[in-house]
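In case you want the letters, here they are:
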Amino acid sequence: MAQKPCGMHVEDIKAALRQQYGSLVSISQQLGLNPNGISATLSRPGYSVKTERRIAQLLGMKPHELFPDRFHVDGSPISFVVDRKPTRRIPAGLRQNGAAA
């Protein structure tokens with residue numbers, strides 16, 4: 001059975017950021033982000049890879065150490081995009097005006 005990668009828990013990351021730099025809103029604003037940019041990035045994997053890297057840098061860590069479920073060891077982000085390519089063509093009888101809906 002594969003072992004789940006362990007990084008810091010989101011709440012531990014928030015606490016470390018607050019201890020070193022103040023509120024998450026002020027950190028976001030200092031980085032030129034939306035006021036909830038740090039919170040959104042922490043709560044939604046893949047929301048902003050750039051901000052995930054900046055958070056890791058602020059804490060003196062590498063992105064794959066802080067977010068092992070979001071980054072490969074080489075530093076490249078893990079894709080969270082779902083491939084929605086259809087597996088079959090839509091029958092012409094179900095198309096409106098001969099074009100897919």
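Quick notes on the rules
Residues numbered from 1 in each chain as written. Predicted model: local features only at pLDDT ≥ 70, side-chain atom pairs only at ≥ 80, totals over all residues. Heavy atoms only, no water. Helix = DSSP H or I, 4+ residues; strand = E, 2+ residues; numbered from the N terminus. Contact = heavy atoms within 4.5 Å. Areas by Shrake-Rupley, 256 points an atom, 1.4 Å probe, with all protein chains shown as cover. Buried < 20%, exposed > 50% of the residue type's maximum accessible area, 1.4 Å probe, protein only. Arc of directions from axis to C-beta. pLDDT = per-residue confidence, 0-100. Core = buried A, V, L, I, M, F, W, Y, C linked by side-chain atoms within 4.5 Å. Salt bridge = Lys/Arg side-chain N within 4 Å of Asp/Glu carboxyl O.

Helix and strand counts for the chain stand at five helices and zero strands. From first element to last, N terminus to C terminus, the chain shows the α and β order α-α-α-α-α. Sequence-distant contacts, at least 24 apart, represent 34% of the contacts inside the chain between residues at least 6 apart. For the chain, the accessible surface area stands at approximately 7500 Å², while carbon and sulfur atoms represent 52% of it.

A word on helix α4 (residues 49–58). All buried positions along α4 are accounted for by Thr-51, Glu-52, Ile-55 and Ala-56. Down the axis of α4, the smallest arc covering the buried residues is 145°, so these residues share one side. Exposed side of α4, more than 90 degrees from the buried face: Lys-50 and Gln-57 are the residues found there. Two residues or fewer after α4 comes Gly-60, characterised by a positive phi angle close to 70°.

Looking at the chain as a whole, its pLDDT mean stands at 85, while 87% of the residues score no less than 70. Considering each helix and strand of the chain separately, the mean pLDDT is smallest for helix α5 (residues 63–66), with a value of 92, and largest for helix α2 (residues 24–30), with 96.

The subject of this paragraph is the nonpolar core. Of all hydrophobic cores here, the largest spans 13 residues; its most connected members are Ile-13, Leu-17, Ile-38, Ile-55, Leu-59, Leu-66 and Phe-67. The set of elements that each furnish at least two residues to this core consists of α1 (10–21), α2, α3 (37–43) and α4. It is α1 that contributes the most residues to this core, three residues altogether. For Leu-66, the contacting residues outside a window of four places in its chain are Gly-7, Met-8, Ile-13, Ile-55, Ala-56, Leu-59 and Met-61.

Another point: the environment of Val-49. Checked against the element boundaries, Val-49 lands in helix α4. For the pair Val-49 and Pro-77, spaced 28 residues apart in sequence, the C-alpha to C-alpha distance is 7.0 Å. If sequence neighbours within four positions are ignored, Val-49 has contacts with Phe-71 and Pro-77.

Let us now look at the pattern of salt bridges. Per the stated rule, a full pass over the model turns up two salt bridges. One salt bridge connects Lys-14 with Glu-11, and the closest N-O pair in it is separated by 3.5 Å. Note that Lys-14 and Glu-11 are positioned in helix α1 at a spacing of three residues, about one turn of the helix. Across the pair Glu-52 and Arg-70 runs a salt bridge whose closest N-O atoms are separated by 2.8 Å. Linking Glu-52 in helix α4 with Arg-70 in the segment after α5, this pair joins segments that are 18 residues apart in sequence.

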